[in-house]
Amino acid sequence: MSAPQPPAAGTPVQVKLVLLGQAAVGKSSLVLRFVRNEFQENREPTIGAAFLTQKCKVDDKIVKFEIWDTAGQERFHSLAPMYYRNALAAIVVYDVTSAQSFDKAKSWVKELQLQGSPNVVIALAGNKIDIIKSEGEGAREVPADEAQAYANEAGLLFFETSAKDGTGVEAIFNDIAKKIPFEQILAKANAPRQGVNLHEAQPTPPQNCAC
Amino acid sequence: MDRSRVASVELQDSNPVAAATDTSTWLHHGLKKRRATFTTRKPVSVWIGTWNVGGAIPSAPLDHWVLGRSLAHRSKSKRPPLSVSTSLSASGASPGSDDSPDTTNLHDAGLTSPLVANGPPRLELAHLLDGSESVTSFESLLSSASSLDFSVATSDDLRRDSLASTVSTVSSVTAAKPPLPPRPPAPPAEILAFGFQEVDVSTDVYFAHDPATILDLKAKIIDGLGPHLEKQYALVSIKQLAGMIVAVLAHESVVPYITEVESGYVGCGIMGVLGNKGAVAIRFKVFDTRICLVNSHLAADQNQAERRDSDFHEICRRLVFKREDGSSCQTNDLPLLFLSRTMVFWFGDLNYRLESTYNDVLAGIKASRVPHLLQRDQLGHSIRTGRAFAGFQEAPITFHPTYKFDPGTNRYDTSEKQRTPAWCDRILWRHPTLNVTPVKYRSHMRYGDSDHKPVSAILTVETEVIDQDKYALAVKEVLREHDKWENEFIPEASVSEQLIDLGEVKVLKPVVRTVELRNTGKIPVSWFFASARPTPTEDDADQWMWTEPSKGYLEPGERQSITIRILVSPVAARNLNHAGSALNDILILRLEHGRDFFISVEGRWLKTCLAQSLQSLCDTGGAVRVDAEPQNGTSSEEPRHSVPQELQVLSKFILAHAMDVPARELWGNNGEEAGDEAMLETVLDSLDTGAPLDEARLAGTAGARSVARVMLLMFEYLEVPVIPDQDQEMFVASAEGSPMLEAVAHLPVVHRATLLHLLELCESLIDKQGPDTLAVLAEVFGPLVMRVPLPSGLATSGSISSVAGLNTATPMTSPSKEMKRYRTKIQARQLAFARLVQTLQNS
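What you see is a predicted model; the values in this text were computed from it and never measured. The residue numbering used here restarts from 1 in each chain and proceeds along that chain's sequence as written. Numbering of ligands from 1 and lettering of chains from A proceed in the order in which they are written. With pLDDT at 70 or above as the cut-off, local features in this predicted model cover only qualifying residues; side-chain atom pairs require 80 or more to be listed or tallied, and sums for whole chains, interfaces and linings still use all residues. Each side-chain value is worked out from all heavy atoms of the structure, with water and hydrogens disregarded.

(A) A look at the overall build of chain A. Numbered from the N terminus, helices here are DSSP runs of H or I no shorter than four residues, and strands are runs of E no shorter than two. When helices and strands are counted, chain A shows seven helices and six strands. Along its sequence from the N terminus, chain A presents helices and strands in the succession β-α-β-β-α-β-α-β-α-α-β-α-α. Buried positions account for 54% of the 211 residues belonging to chain A. Put simply, of all contacts in chain A between residues at least 6 apart along the chain, 73% involve residues at least 24 apart. We call a residue buried when its accessible area falls under 20% of the maximum for its residue type, exposed when it is over 50%, and partly exposed in between, using a 1.4 Å probe and counting protein chains only. In what follows, residue pairs with any heavy atoms lying within 4.5 Å of each other are defined as contacts.

So this is what it looks like as structure tokens:
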């Protein structure tokens, strides 16, 4: 009898996620809230693309988001494909107090749907909802129902969020994780040992037996 | 027995929290640390019995073994137990305190409670002992002792209960109350594990089991439980290897929590593989703890202690489990005892003997010097010295040796062999963290079927129960913590500048800037400049920016100065001239496995007359940087000039100031002189802004050379050569005179005018400096007006070196075929140019 090999440690399913949106809508702040549960007022604009990772447990799998937080300034627009290329998930962010940023978000969605990965999961995030809470609906330029209707039509997940008070931040990442078509990814990757299997009771390939 | 329930036990696989094991090591580690936060402990009572039945299924009912009592219906009607007094006289040994359950209880209790040991019940004990068993008293004892509901927290409680009942029993007996009607027996434990050895000692059994054996044994077990209890238990599994059989039953109260039932066996008897010795095992999870029950029969004989040790290790090494459906199990990857969370119970005829003589042991037994005898126990020795069963525990032994009896009696071996009595039959357990508390550990002297007496133990076993919500929370916490580590150790750095303003940028005028990169992270950083272009080519002729170095490595805290060099070659200028006045690019500085920095490089491009087309230079009319005022309504077809103004300015200067400079010196490549670059810039600036050449500054040979150089550059980098590619062969083939004139006439008007302008200049120079000058001029201008592409592989990066050094036609590499062809072409063009000049001279 040859000794059975110990199983390789499972690795989480890696999911590249990109944040897109007009400058100053709060992309980096959403990431900071999600990853570190922190918030900073008046952050410096992102000039480049920040990289962070964060893991979520979805059913019996662990999803590791590799988050690319991109620069929102228009002059860097041409570099965006580098980041959304191969991304399985995208969060397109706008500022609920800026109609212009919503228009820009729509154009990002369009670009993603044309040039992104075929199965990219897109979530639309109307950020800075805390301003509406503190200053009232008068401050709002993008009605929630309008954004929701647009999201339905375009097949996006939709959340109103606040990186400042944390509203909706975890939900957006969790819901994205749930929508990732793992079976397709794993089948495509043709790698049977991707993804942590939290159930040890899963059937395993037959091993040498003692008899 | 309830078959459907058994099935449900086997199929149940719903426990979602096997997660705590087998996953990424860090997750495993984090959950292990937090285990206490999501698990609670739940005691489960386990009855384990082991019996070497000596070759046949025992005829006596098992009730006393399992329940600690005889079932009322049976004890009245069927055979009485072996009489204690008989055994006394027969063996000559003390009856031991083994056969009476209350005795065991008291012994047990006595270990922990001196009060009981010394108190009044002891007196009553004697009374009980000298008679046959009092069914009534046992019954009430057991029903209260084991009506202990199974959620009892500790065995101390258990013991207290049983003590209390003992006391009440005793008093009831002394009060001589009429016997109570028999009450149904209470379940002895939630899990029952039976280990039999030598059920069948025929050699046939090594090769094929008689299925009847298992059926008979099951029937025997069921019969032992009695009609009342049998309904409450389900068979978890029963396994046989030759004469060894292990069977596990579970009480209905725990059946729903039993999952992942697996079994395995190892034969290590004859030839090291046959099943006359070895082990059969069943394991399963109860709640969230895996319990493994190993029934083994180790090597026999007084002198074989080492062999028994090695049998133990052999079984550990070779024991693999299979699911009841035949599939193998993940946890087979480790030898049994490495499975640190598995609660292992190991029992059977372990066959360890006493290192003593027959007579000494008998004397010890007679004197009830059990602790003294146990000092000579081989198993205890093996455990203490770590030779086998390391880490295993056992309840204190208070009963007499269970081997070897004359069958049918309680008399130790009186045969010729006079085997030394020993505690061959044992029940051990092992778990690093969970507690096992013995409630009972006893022999059953009444059974006479075999040369061994059966042994049983009741144990309270801590098991873990995982709280799903808390578990999920712990997973989240572990992930979060791991993310924190991971993100903390993502490469991090800072750059001193992310916007580099170059100001005004001119052709051939180098600009140098530096950016500082500092590793601000906690780990070393590998960095490099990435390209946004899908397929970057190093030798892009229109590249105008270089970084030095373009990749590197920084330890935490280290800094690196990165030089950014800008030099716009005439080739690069061509694109910029078209693009307009903005000069910008974004450098992507990438930290490997980390972030990207964008470094924007911006400048204001100043147009140049180099690398334009003759047509556009003529169309512009004035200098390229001066926005030509739109000629109102007069967008004439004719260019404003037929020869670019810049060329006119240059040749005018040469005619006025450089006629005395020898042609070879003026046009040739004699190496750089100080000031050349600055003067070159002056000349280009004048041309591009339309300002007159600064004659004072350009006085002398150096000035003249600068002017001449600019003229050569203009010709070299014209978007279309003076003689366009498609017309070159015609010139090469044309003889001096009219064929050449015809060829010239063939050129577009602007090209024709420019060529004639150059030829006139040459003519003037030859006139001034003599006919030898022709060769020099032909050598220089021939390949410029009729450009020949360099052989592939020789194209110099960005043309910078060739431009700067005017290194037009002298490649340094050793001649290859291609190079020879190239030289031939160059020569043909030089000759053609000479014929052009001569044609003009003669016309």
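(B) Fine view of the pattern of salt bridges. All names here are of chain B. Salt bridges are counted wherever a side-chain nitrogen of Lys or Arg sits within 4 Å of a carboxyl oxygen of Asp or Glu. In this structure the tally under the stated criterion is 37 salt bridges over all chains. Between Glu481 and Arg34 there is a salt bridge; the shortest N-O distance is 3.1 Å. In this pair, Glu481 is assigned in helix H17 (residues 468-488) and Arg34 in the loop between helix H2 (25-33) and helix H3 (35-38), connecting sequence segments 447 residues apart. Judged by relative accessible area, which is 34%, Glu481 ranks as partly exposed.

(C) Geometry of the environment of Ser443(B). Residue and element names in this part refer to chain B. The residue Ser443 is located in strand E12 (residues 436-443) in this model. Of the residues examined, Ser443 reaches a relative accessible area of 0% and is grouped as buried. Separated by 378 residues in sequence, Ser443 and Trp65 have C-alpha atoms that sit 8.4 Å apart.

(D) Structural view of the side chain of Asp451(B). Residues and elements named next belong to chain B. By the secondary structure assignment, Asp451 is in the loop between E12 and strand E13 (455-466). Asp451 gets classed as buried once you look at its relative accessible area, which sits at 15%. In the analysis that follows, any N or O atom pair within 3.5 Å is treated as a polar contact, provided that within protein one partner can donate a hydrogen and the other can accept it, and provided that, for residues neighboring in sequence, both atoms belong to side chains. Within the structure, the side chain of Asp451 is placed 3.1 Å from the side chain of Ser450, a separation counted as a polar contact. For Asp451, the contacting residues outside a window of four places in its chain are Gly54, Thr402, Tyr403, Lys404 and Phe405.

(E) Seen up close, a positive patch on the surface. Side chains of Lys817(B), Lys820(B), Arg821(B) and Lys825(B) sit close together on the surface and give a patch of like positive charge. Within the fold, Lys817(B) resides in helix H29 (residues 817-842). Like-charged residues are merged into a patch within 9 Å and nonpolar side chains (Val, Leu, Ile, Met, Phe, Trp, Tyr) within 5 Å, provided each residue has over 30% relative accessible area and no salt bridge. Accessible areas in this description were obtained via Shrake-Rupley with a 1.4 Å probe; residue shielding takes into account the shown protein chains only. Counting rule for charge: Lys and Arg are taken as positive, Asp and Glu as negative, and neither His nor the chain ends is counted. In this description, the location of a charge corresponds to atom NZ of lysine, CZ of arginine, CG of aspartate or CD of glutamate.

(F) Spotlight on the sheet that holds strand E20 (residues 559-566) of chain B. Residue and element names in this part refer to chain B. Pairing between strands is defined by DSSP: at least two bridges between them are needed. Strands sit in the order E14-E16-E20-E18 across an open sheet of four strands; the sheet is antiparallel. Two strands bound the open sheet, and with one partner strand each, they are strand E14 (493-495) and strand E18 (545-548). Averaged over neighbouring strand pairs, the angle between their axes works out to 25° when direction is ignored. Direction of pairing for strand E16 (residues 511-519) relative to E20: antiparallel, over a ladder of eight bridges. Across the sheet, Val512 pairs through a bridge with Arg565, a residue of E20. Between the N-to-C directions of two axes lies an angle of 0 to 180 degrees, each axis being a line fitted to C-alpha atoms and, for a helix, fitted only over the stretch in contact.

(G) Region of the structure containing the side chain of Arg140(A). All names here are of chain A. Secondary-structure assignment places Arg140 in the loop between helix H4 (129-135) and helix H5 (144-154). Polar side-chain contacts of Arg140 include one of 2.7 Å to the side chain of Glu160. Ignoring sequence-local partners within four residues, the contact set of Arg140 consists of Val96, Ile129, Ile132 and Glu160.

(H) Representation of the environment of Leu52(A) in the model. Positionally, Leu52(A) belongs in strand E2 (residues 48-58). The residues contacting Leu52(A), other than those within four sequence positions of it, are Val31(A), Val35(A), Arg36(A), Phe65(A), Glu66(A), Ile67(A), Asn487(B) and Ile490(B).

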